[in-house]
Amino acid sequence: MMMKKILILLILLTSTFSFSQKKEVVNESIGYKKLKKALSIARMPPSFQQRIINPDGSVGGVNIRGNITFIANNILNKGDGGDDPDDPYDGSSSNGSVDMQYIDVDGVGSTFSSSSDGLNLPTCSRIVYAGLYWAGVYPYETWSGQETRSNDFNKMQFRLPGGAYNEITADAADASKRELIFNDGFAYICYKDITTDVQALTTVADPDGHNGTYFAADIRGVRGNDPSGLGGSAGWTMVVIYENETESSKNISVFDGFAEVDGGTDVDLSYSGFITVPVGPNASNPAPVRATLLAATLEGDRGIGGDRFQIQDNTVPTGIYRDQFTTNLNPTNNFFNGSISRYDSFVTTRTPDSENSLGFDVDLYELNNPNNSVITNGQTSANVRFTTTGDVYYPFLNALAVEIIQPEVQLLKTINDTGGVEISGTPVGLGAELFYNITFQNVGTDDASNTIITDRLPKNVDLLEVAAPNGSVAPDGTRFNIDLPAGVTIVAYDPPAVGNGFRAELQFSVPDDMVLEGGDLHEIDIRVQVVSDCNDLRDVCSNEIQNQAFASYEGIRGGITINDEPSFAGLDNCDFGIVGTSNFLVDTSGCTYE
């Protein structure tokens, strides 16, 4: 009997001890609200803005033949239960139930946190944009100590392939740059445009130099294990937009900001500045609308469901929102679940390549759009919604790449001697005759119309005239030694004069049937002569003669208008246009000026 009582007592003591070791897990939404109240942090209204990504600085998305991708990794990982934060974590825990510690895999003693990912763009890609984001939940240094957090969270170290670390600082003083996107004392979002840095990796000798392993270091987030079950997450991502001649044409837009999604607040975001492909010739079998979306959030937990990512269905009058999902990794009721994925597969080029990134979530996926049931033909905007019934999470980045149709009348301008030999960049003598050769072809995804090619000739060359019936006739009746394809006509001619800087200008009208999608290459030859005497030089300050043509046109189906798109000086080995003027040198060694 005594033995039985002792056994019962031991069981009760063991049960009490076990219960006392269990963490008091609170509702995440309530827990974060209590924490922010204790820190005197007011709830901020959601705010997203479109990021300027066009190389010319213009607003709106960028239209390219190419695509969008990203590299990313978390910077906090599970560090208890025998797990090393530098090792991949593939379990199902949430960050509020484990001891979160810094990853540090770079082997550099001066960094306190680091992780990496590899960029591997298709051969012959060209970087258009590279935007670096780093973000974290960071109310304290550690949950246990609740130390005042560091003020340099807006700084991090970034290492390009083959290089050394460089400090990156998000400008906190100039709000117009939107580099310190968000900071409320609880979480932060930072940004830096590093396009030129990534572009500089590409050289003639190494056209794919942008590919390789990128390291991010010294990113901050709250560490440890919160007694009430609140978690911390942090990480980084670099969004990359690139051109590649093997890709379809797309309009790509990037939006960033911060929103708190906690069950009481849905966050809506609208994309615009694009037009999806038209129905096509057969209305009963419309052309498919294809789009890719990128979304990044903080605090999307694997073990807490209820968060949804939705897109408004504009094909029905009510405009209801449709749940988004991917087949394997992003279910409808837990879309943001601590995964870093591309097209429904985990990104395995990361170190560590955790399948559960514990609250740092970046996903790039193809829109689930059967029979154009979400985004339809000819659509010019799209609305998305973040919502939840359980998890608390913080969206900070969204991007959309939608296939579009637009013509691209590509002009190449070269310089040939009278024997047909290309002489760009080489010297020619005074009085020499040569040909400006302009080729044009529609390499886009729509037919062009109202196409005008404008050529403004340099100061020190003159158009050559010929007698009838040869040559091509300008509107004033002048007959020039210009070979035009049948149907192309000179519709305007402005002779050289003081008012135009002694630069003659020609305008050619191109018939619509010569600039159809996938149409043939056509050629214009303009015969000119360099001035024959030193005293006739209209510009004696330079012997370099520069010239460029421009194309203006409209899209038949897409409706886009292109104005004064400049010619290329040639094509490189990847069939990208070589940007710039076509040049030759005048040999003025025998000239003297007094």
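A.B. asks: If you had to explain the overall build of the protein chain to someone new, which residues and values would you point to?
C.D. replies: Within the protein chain one finds three helices and 38 strands. Counting only C-alpha atoms, the protein chain reaches 130 × 60 × 40 Å along its principal axes. Every one of the 594 residues in the protein chain was classed for burial, and the buried ones make up 51%. In the protein chain, the proportion of contacts linking residues at least 24 apart, taken out of those at least 6 apart, comes to 76%. Total accessible area computed for the protein chain in this model is approximately 25,600 Å², and 50% of it derives from carbon and sulfur atoms. Counting 37 positive and 78 negative side-chain charges, the protein chain places the averaged centre of each group 12 Å from the other.

A.B. asks: I'd like a rundown of unusual backbone geometry, residues and numbers included.
C.D. replies: Here the amide bond leading from T351 into P352 is cis, since omega sits at -5°, within 30 degrees of zero. Positionally, P352 belongs in the loop between β19 (345-346) and β20 (359-366). Residues other than glycine seldom take positive phi values, yet N372 does so here, at roughly 55°. Along the polypeptide, N372 turns up in the loop between β20 and β21 (381-387). A positive phi angle is found at N450, which is not glycine, with a value near 50°. Inspection of the secondary structure puts N450 in strand β26 (residues 448-456).

A.B. asks: Can you lay out the nonpolar core for me, pointing to particular residues and giving the numbers?
C.D. replies: Counting 43 residues, the largest nonpolar core has Y133, I241 and F396 as the members making the most contacts within it. The contact partners of I241, leaving out residues within four places of it in the chain, are I53, V62, I64, N67, I68, R126, I127, V128, Y129, I252 and V254. If you look at the next biggest cluster of nonpolar residues, it comprises 35 residues, including L506, V515, A549 and A551.

A.B. asks: Would you mind going over the sheet that holds strand β14 (residues 267-272) in detail, with residue names and values included?
C.D. replies: Taken together, the four strands give an open sheet; going across it, the order is β14-β21-β16-β17, and neighbouring strands pair in antiparallel fashion. Looking along the sheet, the strands with just one partner apiece sit at the ends: β14 and β17 (321-323). Recorded for the sheet is a direction-independent mean angle of 30° between the axes of neighbouring strands. Summarising the sheet, strand β16 (residues 308-312) and β17 pair through three bridges and their orientation is antiparallel. Looking at the pairing, I311 lines up with R322 of β17.

A.B. asks: How would you explain the state of the cysteines if you had to name every residue and give the values?
C.D. replies: The full count for this structure, using the stated rule, is one disulfide. Bridging C124 to C574, the disulfide has an S-S length of 2.0 Å. Between C124 and C574 the disulfide shows an S-S torsion of about -70°. By sign, it is left-handed. Highlighted residues: C124 in the loop between β5 (114-119) and β6 (126-137) and C574 in the loop between β36 (568-571) and β37 (577-579), separated in sequence by 450 residues. Since its relative accessible area comes to 16%, C574 is described here as buried.

A.B. asks: For the pattern of salt bridges, give the residues involved together with the corresponding values.
C.D. replies: Following the criterion strictly, the structure yields 23 salt bridges and no others. In this structure, R51 and D256 form a salt bridge, with 2.9 Å as the shortest nitrogen-oxygen distance. Here D256 lies in strand β13 (residues 249-258) and R51 lies in the loop between β1 (47-50) and β2 (62-74), a separation of 205 residues in the sequence. We classify D256 as buried; its relative accessible area is 0%. For R557, the salt bridge identified is with E517, shortest N-O distance 2.8 Å. Placement of R557 in the loop between β34 (544-555) and β35 (561-566) and of E517 in the loop between β32 (505-510) and β33 (522-530) is noted, with a sequence separation of 40 residues between them. On the accessibility criterion, R557 (41% relative accessible area) is partly exposed. Within the structure, one salt-bridge network assembled from shared partners comprises K36, R43, D184, E260 and D262.

A.B. asks: Please set out the pairing of β5 residue by residue, giving values where relevant.
C.D. replies: The element β5 is largely enclosed, with a buried count of six among its six residues. The alternating pattern of β5 places S114, S116 and G118 and S115, D117 and L119 on opposite faces, both of which are buried.

A.B. asks: Explain the packing of aromatic side chains to me, and be specific about the residues and the numbers.
C.D. replies: Per the counting criterion, the structure on display carries 21 aromatic pairs. Between F335 and F336, the ring centres sit 5.0 Å apart and the planes meet at 75°, which makes this aromatic pair edge-to-face. Residue F335 is classed as buried on the basis of its relative accessible area of 0%. By the ring-pair criterion, three or more aromatic residues cluster together here, those being F309, F335, F336, Y365, F386 and Y393. The ring of Y165 carries R159 above its face, with NZ or CZ at 5.1 Å from the centroid.

A.B. asks: Outline the confidence of the model for the protein chain, listing residues and values.
C.D. replies: Considering every residue of the protein chain, the mean pLDDT works out to 88; 91% of them sit at 70 or more. Per-residue pLDDT stays below 50 along residues 1-26; that stretch engages in 15 contacts with residues further than four places along the chain or on separate chains.

A.B. asks: Explain the sheet that holds β5 residue by residue, including any values.
C.D. replies: The strands that make up a sheet are held in pairs by hydrogen bonds between backbone atoms, and each pair lies either parallel or antiparallel. Here we have four strands laid out as an open sheet, ordered β5-β11-β7-β8, and antiparallel in their pairing. Only two strands of the sheet have a single partner each, and these edge strands are β5 and β8 (165-169). On average, adjacent strands in this sheet sit at an angle of 25° to one another, irrespective of strand direction. Sheet analysis places β5 next to strand β11 (residues 212-217), joined by six bridges and oriented antiparallel. Opposite S114, over in β11, you have A217 as the bridge partner.

A.B. asks: An account of the side chain of N398 is needed here, citing residue identities and associated values.
C.D. replies: Along the chain, N398 turns up in strand β22 (residues 394-403). At 3.1 Å, the side chain of N398 and the backbone oxygen of L294 are in polar contact. The residues contacting N398, other than those within four sequence positions of it, are S253, V254, F255, L269, Y271, L294, A295, F309, V384 and F386.

A.B. asks: Run through the side chain of N356, naming residues and quoting values.
C.D. replies: Tracing the sequence through the fold places N356 in the loop between β19 and β20. Looking at N356, the relative accessible area reads 0%, which means it is buried. Within the local environment of N356, its side chain forms a polar contact with the backbone nitrogen of L358, the two atoms lying 2.9 Å apart. Look past the residues within four positions of N356 in its chain and what remains in contact with it is Y89, D90, G91, S92, S93, R302, N337 and G338.

Cut-offs and rules
- Counting from 1, residues in each chain are numbered in the order their sequence is written.
- Under the rules for a predicted model, residues below a pLDDT of 70 receive no local features and side-chain atom pairs below 80 are neither given nor counted, while totals for whole chains, interfaces and linings still include all residues.
- The basis for every side-chain value is the complete set of non-hydrogen atoms in the structure, without hydrogens or water.
- Every helix listed is a DSSP run of H or I at least four residues long, and every strand listed is a run of E at least two residues long, numbered separately from the N terminus.
- Per-residue accessibility, obtained with a 1.4 Å probe over protein chains only, is compared with the maximum for each type, and a residue is labelled buried under 20%, exposed over 50%, and partly exposed between these values.
- When checking whether two residues touch, look at their non-hydrogen atoms; a contact exists if any pair is within 4.5 Å.
- A 1.4 Å probe and the Shrake-Rupley method give the accessible areas. Residues count as covered only by the protein chains that appear here.
- As used throughout, the charge tally considers Lys and Arg to be positive and Asp and Glu to be negative, leaving His and the chain termini uncounted.
- Taken as the charge location is NZ of Lys, CZ of Arg, CG of Asp or CD of Glu.
- The term nonpolar core refers to a set of buried residues drawn from Ala, Val, Leu, Ile, Met, Phe, Trp, Tyr and Cys, joined through side-chain atoms within 4.5 Å.
- Any two strands with at least two DSSP bridges between them are considered paired.
- Here, axes are lines fitted to C-alpha atoms. For helices the fit covers the stretch in contact, and angles between N-to-C directions go from 0 to 180 degrees.
- Only a pair of cysteine sulfur atoms within 2.5 Å qualifies as a disulfide here.
- Each reported salt bridge corresponds to a side-chain nitrogen of Lys or Arg within 4 Å of a carboxyl oxygen of Asp or Glu.
- Planes of paired rings set the category: under 30 degrees apart is stacked, over 60 is edge-to-face and the rest tilted, where pairs are Phe, Tyr or Trp rings (Trp by its six-membered ring) whose centres lie within 6.5 Å.
- As a reminder, the over-ring test applies to NZ of lysine and CZ of arginine, requiring each to be within 6 Å of the ring centre and within 35 degrees of the ring normal.
- Every residue gets a pLDDT, meaning the predictor's confidence in that residue, from 0 to 100.
- Two N or O atoms count as a polar contact when they lie within 3.5 Å, although within protein this holds only if one can serve as hydrogen donor and the other as acceptor, and sequence-adjacent residues are included solely when both atoms are side-chain atoms.

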